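# Summary of the model geometry
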Amino acid sequence: CFAVLRDSSLELYTCCLSSASQLRYVHAGSESEDASADQRNAGHTPLIDAQAAACRRWVDAFCAALRAKGERLDGQLCWDFMCTDGDAVRAFPLECNPRVH
């Protein structure tokens with residue numbers, strides 16, 4: 001997932017499926033008219049949507065915790081997550097980079 005923060009508030013967010021080369025980004029849940037049918041289908045299944053939502057909840061909670069502590073974080077961050085696939089999907093951050101992956 002990639003985010004741009006200003007004053008610890010989320011300004012831009014996208015969650016992409018993993019890619020072996022890290023150069024073939026497909027937005028999870030993408031319904032873009034510019035995307036091919038294969039790209040739209042690859043990024044949109046009920047499980048992928050649930051995992052993308054879990055990642056977004058984690059990022060939102062991270063930003064809220066920063067603001068609650070009075071932290072002002074500006075910049076771009078890229079997280080790698082591992083997600084569960086059960087009934088209650090959860091996202092676990094593996095790493096965070098201060099740049100696009």
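Going by the structure above, here's the rest.
Residues numbered from 1 in each chain as written. Predicted model: local features only at pLDDT ≥ 70, side-chain atom pairs only at ≥ 80, totals over all residues. Heavy atoms only, no water.

## Let's talk about unusual backbone geometry
Excluding glycine, residues mostly have negative phi values, and the peptide bonds linking residues are mostly trans. A positive phi angle, near 55 degrees, is found at D7, a position not held by glycine. Along the chain, the position of D7 falls in the loop between β1 (2–6) and β2 (9–14). (Helix = DSSP H or I, 4+ residues; strand = E, 2+ residues; numbered from the N terminus.)

## Structural notes on the packing of aromatic side chains
Enumeration according to the criterion identifies four aromatic pairs in this entry. Relative to F62, the ring of W58 lies with its centre 5.5 Å away and its plane at 10 degrees, an arrangement referred to as stacked. Here W58 and its partner F62 are both found in helix α2 (residues 46–68), four residues apart, which amounts to about one turn of the helix. With 5.5 Å between their ring centres and 75 degrees between their planes, W58 and F81 make a pair best called edge-to-face. (Phe/Tyr/Trp six-rings, centres within 6.5 Å; stacked < 30°, edge-to-face > 60°.)

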